[in-house]
Amino acid sequence: MTDLSALTSSAYKQALEVIASVEPRVAEATRKELEDQRASLKLIASENYASPAVLMTMGTWFSDKYAEGTVGHRFYAGCQNVDTVETLAAEHAKELFGAEYAYAQPHSGIDANLTAYWAILAQRVEGPWLENVGVKNMNDLSEADWEKLRHELGNQRLLGMSLDAGGHLTHGFRPNISGKMFHQNQYGTDPVTGLIDYDALRAKAKEFKPLILVAGYSAYPRRVNFAKMREIADEVGATLMVDMAHFAGLVAGKVFTGDENPVPFADVVTTTTHKSLRGPRGGLILATKEYAGNVDRGCPMVLGGPLSHVMAAKAVALAEAKTESFQTYAQNVADNAKSLADGFLKRGAKLVTGGTDNHLVLLDVTSFGLTGRQAEQALLDAGVVTNRNSVPADPNGAWYTSGIRFGTPALTTRGFGHDEFDNVADLVVDVLKNTTPGVTKDGGSSKATYKLADGVADKTRAASAEMLDKHPLYPGLDLA
Ligand SMILES: *Cc1c(COP(=O)(O)O)cnc(C)c1O
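For clarity, every value in this text was computed on a predicted model and none was experimentally measured. (Residues numbered from 1 in each chain as written. Predicted model: local features only at pLDDT ≥ 70, side-chain atom pairs only at ≥ 80, totals over all residues. Heavy atoms only, no water.)

(A) Spatial organisation of the overall build of the protein. Along the protein, the regular secondary structure elements total 19 helices and 17 strands. Against the compact-globule benchmark of 23 Å for 480 residues, the protein has a radius of gyration of 24 Å, which places it among compact chains. Along the first, second and third principal axes, the C-alpha set of the protein runs to 75 × 55 × 45 Å. When burial is assessed residue by residue, the protein has 54% of its 480 residues classed as buried. Sequence-distant contacts in the protein: of pairs separated by 6 or more residues, those separated by 24 or more amount to 73%. Accessible area of the protein: about 21000 Å², with a carbon and sulfur share of 53%. (Helix = DSSP H or I, 4+ residues; strand = E, 2+ residues; numbered from the N terminus. Rg over C-alpha atoms; globule rule 2.2 N^0.38 Å. Buried < 20%, exposed > 50% of the residue type's maximum accessible area, 1.4 Å probe, protein only. Contact = heavy atoms within 4.5 Å. Areas by Shrake-Rupley, 256 points an atom, 1.4 Å probe, with all protein chains shown as cover.)

Spelled out as structure tokens, the structure:
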């Protein structure tokens, strides 16, 4: 068998030499980035480590090709090889997820959502409206009718999960364009259990009557019942869109099956490809046949020219995700999240929803007397990379927050298991117990500044390094 790590090492060494011949500082930063990633305890729930095959696929001349349009119908000549890789990506996605249609062009998760929203508006609002007026093409509309259609398109309703319950900005919130495109309303979680209350959601949907019901999250540590979501959408005539950006890897890896698998229930499913799915940085849309035609219009309606090199890498990553070893990986991601959550609970820490059954854990740091910002920074000082996150009804607001979000996809890729994640919980709790809030000018407790007790950062770094050395990132990849 070929020694892939030796091949990878020599390929990257040579690539860096080529880069250094033009701009050595970029080559140096690239080396340094590998060093830093290798040396950090990466617990950011939205990050992962793609395979060398996926990474290398992105660094080719596919980047040089313009390919606006769709497979077989491009606005540029000479797209036969782009057609090959885009078709492969879409076919792999359809097979892997059991979807009727897949669109591999979105450049990111946000782009995928915006593309999906316009596809749904076209399907549900524009198409029927044109039919009503009796024209096939919107260019045939009079100015007055065009104004009316624009008004219709701009006045639709969207119901999504609230930000502090774990929803995403693109689910209709003001700082994102989705919040300006739609009248938005939101469902939250039960104040006692922290879980989605489907009855409350149903009541809200019946009252609000959204055109689009969005399910999916970035910070909800539990599984979602998509069969129930479908029922609710049907009761109010909404299109069900599921944004599985965070948990696509658990769907691909068959950890989420039955009612927990969104694909058989949703009209449109959007995702990123770089989080738990472990592919290149990008987006992907799955849809039923009904919505396929309008999703296919994504470029140039919403998206710029497709990133052919990234679509090629999506095809490679999706081929990886079809393997049995990816299924094992996905199961380990979920098992490890449990180990981490149990590790926190047995050391007396408080978790939103009291635990996890996906890939992420949301720690409420108020019991340590800290804000999320203080906890995040103290952990970073100790080499533990996480991000602060709101908790439901957050007393510290969206900037300081009261939570820290942890995810297991990245370290599971490195081979961390139960014992390591239990140890991670121990290190985190130790850092937080040894962190105290700073004092403001008027003698109050600061939400931003903090003091980490002497020696804790070094001790934590040493303990992390021991685990990281045992589970090297890209084993065998040597740039020396
Ligand atoms: C990460 C995320 C996105 C955005 O993905 P980008 O690739 O950063 O644009 C969208 N939706 C959800 C639920 C996410 O978690």
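(B) Fine view of a nonpolar patch on the surface. A surface patch of nonpolar side chains, amounting to about 350 Å² of accessible area, comprises Tyr66, Phe75 and Tyr76. Its location among the elements puts tyrosine 76 in the loop between β3 (73-74) and α4 (80-97). (Patch = residues over 30% accessible without salt bridge, like charges linked within 9 Å, V, L, I, M, F, W, Y side chains within 5 Å. Salt bridge = Lys/Arg side-chain N within 4 Å of Asp/Glu carboxyl O.)

(C) The side chain of threonine 460, seen in detail. Structurally, the position occupied by threonine 460 is in helix α19 (residues 456-470). Every residue in contact with threonine 460, bar those within four places of it in the chain, is listed here: Ala382, Val384, Leu427 and Val431.

(D) Focus on the sheet that holds strand β11 (residues 350-351). Taken together, the four strands give an open sheet; going across it, the order is β11-β12-β15-β14, and neighbouring strands pair in antiparallel fashion. Two strands in the sheet have a free side with no partner beyond their single neighbour: β11 and β14 (387-389). Strand direction decides the pairing type here: strand β12 (residues 360-364) and strand β15 (residues 403-407), joined by five bridges, are antiparallel. Bridge pairing in β15 links valine 361 to phenylalanine 406. Along the sheet, helix α14 (residues 324-346) makes contact with β11, β12 and β15, crossing β12 at roughly 20°. Its contacts with the sheet put helix α15 (residues 372-381) on β14 and β15, and the angle it makes with β15 is roughly 45°. (Pairing = 2+ DSSP bridges. Axes fitted to C-alpha atoms, helices over the stretch in contact; angles between N-to-C directions.)

(E) Just the sheet that holds strand β7 (residues 212-216), in detail. Here seven strands make up an open sheet; going across it, the order is β4-β10-β9-β8-β7-β5-β6 and the pairing mixed. Each of the sheet's edge strands pairs with one partner strand only, and the pair in question is β4 (101-103) and β6 (182-187). Across the sheet, the axes of successive neighbouring strands diverge by a mean angle of 20°, strand direction being ignored. Bridge analysis of strand β8 (residues 239-243) against strand β9 (residues 268-272) gives three bridges, and the strand direction is parallel. Residue pairing for β9: valine 242 is matched across the bridge by valine 269.

(F) View of helix α6 (residues 143-153). Buried residues of α6: Asp145, Leu149 and Leu153, and no others. Seen from one end, α6 has its buried residues packed into an arc of 80°, which puts them on one side. Opposite the buried face of α6, at more than 90 degrees from it, the exposed residues are Glu143, Ala144 and His151. On the buried face of α6, the contacting elements are α5 (109-133), β5 (156-161) and α7 (177-181). (Arc of directions from axis to C-beta.)

(G) Summary view of the nonpolar core. If you look at the biggest cluster of nonpolar residues, it comprises 61 residues, and the most contacted ones within it are Phe97, Leu201, Leu213, Met229 and Leu286. For this core, the element with the highest residue contribution is α4, accounting for seven residues. Discounting chain neighbours no more than four positions away, the residues touching methionine 229 are Tyr187, Ile196, Tyr198, Leu201, Leu213, Ala215, Val224 and Leu240. Counting residues in each nonpolar core, the second largest holds 34 residues, with Leu41, Leu43, Val365 and Ile404 among its members. (Core = buried A, V, L, I, M, F, W, Y, C linked by side-chain atoms within 4.5 Å.)

(H) Local environment of the domain arrangement of the protein. Domain parsing of the protein yields domain 1 (62-321) and domain 2 (336-470). On a C-alpha basis, the centres of domain 1 and domain 2 stand 32 Å from each other. Taken residue by residue, the interface counts 19 residues in domain 1 and 19 residues in domain 2. A buried area of about 1400 Å², summed over both sides, lies between domain 1 and domain 2, and 52% of it is on carbon and sulfur atoms. When the buried area of domain 1 at its contact with domain 2 is split by residue, Asp164, Pro221 and Arg222 rank highest and sum to 42% of it. Our count for the contact surface shared by domain 1 and domain 2 stands at one salt bridge. Close ionic contact of arginine 222 with aspartate 357 constitutes a salt bridge, the shortest N to O distance being 3.5 Å. The tally of links between domain 1 and domain 2 comes to 13 residue pairs in polar contact (both at pLDDT 80 or more). Residue classes in the side of domain 1 that touches domain 2 are distributed as nine nonpolar, six polar and four charged. (Domains from an automatic or database assignment. Buried area = accessible area lost by both parts, 1.4 Å probe. Polar contact = N/O pair within 3.5 Å; in protein donor to acceptor, adjacent residues only side chain to side chain. Nonpolar A, V, L, I, M, F, W, Y, C, P; charged D, E, K, R; others polar.)

(I) Up close: the pairing of strand β10 (residues 283-287). For β10, the tally of buried residues reaches five of five residues, placing the bulk of the element in the interior. By the alternation rule, side chains of β10 split into Gly283, Ile285 and Ala287 and Leu284 and Leu286, which are all buried. Direction of pairing for β4 relative to β10: antiparallel, over a ladder of three bridges. Considered in β10, the bridge of alanine 102 is made with leucine 286. In this sheet, β10 lies alongside β9 in antiparallel orientation, the contact comprising five bridges. Residue pairing in the sheet places valine 268 in a bridge with alanine 287 of β10.

(J) Local environment of the packing of α5 against α6. Two numbers describe how α5 lies on α6: the axes approach to 10 Å, and their chain directions differ by 145°. When the axes of α5 and α6 are compared, the crossing they make is right-handed. Packed against α5, whose contacting residues are Trp118, Leu121, Val125, Glu126, Trp129, Leu130 and Val133, the element α6 presents Asp145, Lys148, Leu149, Glu152 and Leu153 at the interface. In the contact of α5 with α6, the residues fall into eight nonpolar, no polar and four charged. (Left-handed = near helix turned anticlockwise from the far one by under 90°.)

(K) Structural view of the UniProt feature "binding site: (6S)-5,6,7,8-tetrahydrofolate" (unreviewed entry) in the protein. In this structure's numbering, the residues bearing the UniProt feature "binding site: (6S)-5,6,7,8-tetrahydrofolate" (unreviewed entry) are Leu163, Gly167, His168 and Leu169. Of the annotated positions named here, the second largest pocket is lined by Leu163, Gly167, His168 and Leu169. In this fold, leucine 163 is placed in the loop between β5 and α7. Accessibility expressed as a relative area gives 36% for leucine 163, which makes it partly exposed. Leaving out residues up to four positions away in the same chain, leucine 163 has contacts with His168, Leu169, Phe173 and Gln186. With respect to the secondary-structure elements, histidine 168 resides in the loop between β5 and α7. Given a relative accessible area of 24%, histidine 168 falls into the partly exposed group. Setting aside residues no more than four positions away along its own chain, histidine 168 makes contact with Ile110, Leu163, Phe173 and Ser218. (UniProt positions renumbered as here; feature names shortened; annotations may be inferred. 1 Å grid on protein atoms, 1.4 Å probe; cavity = no way out; pocket = protein on both sides within 12 Å on 5 of 7 lines; lining within 4 Å.)

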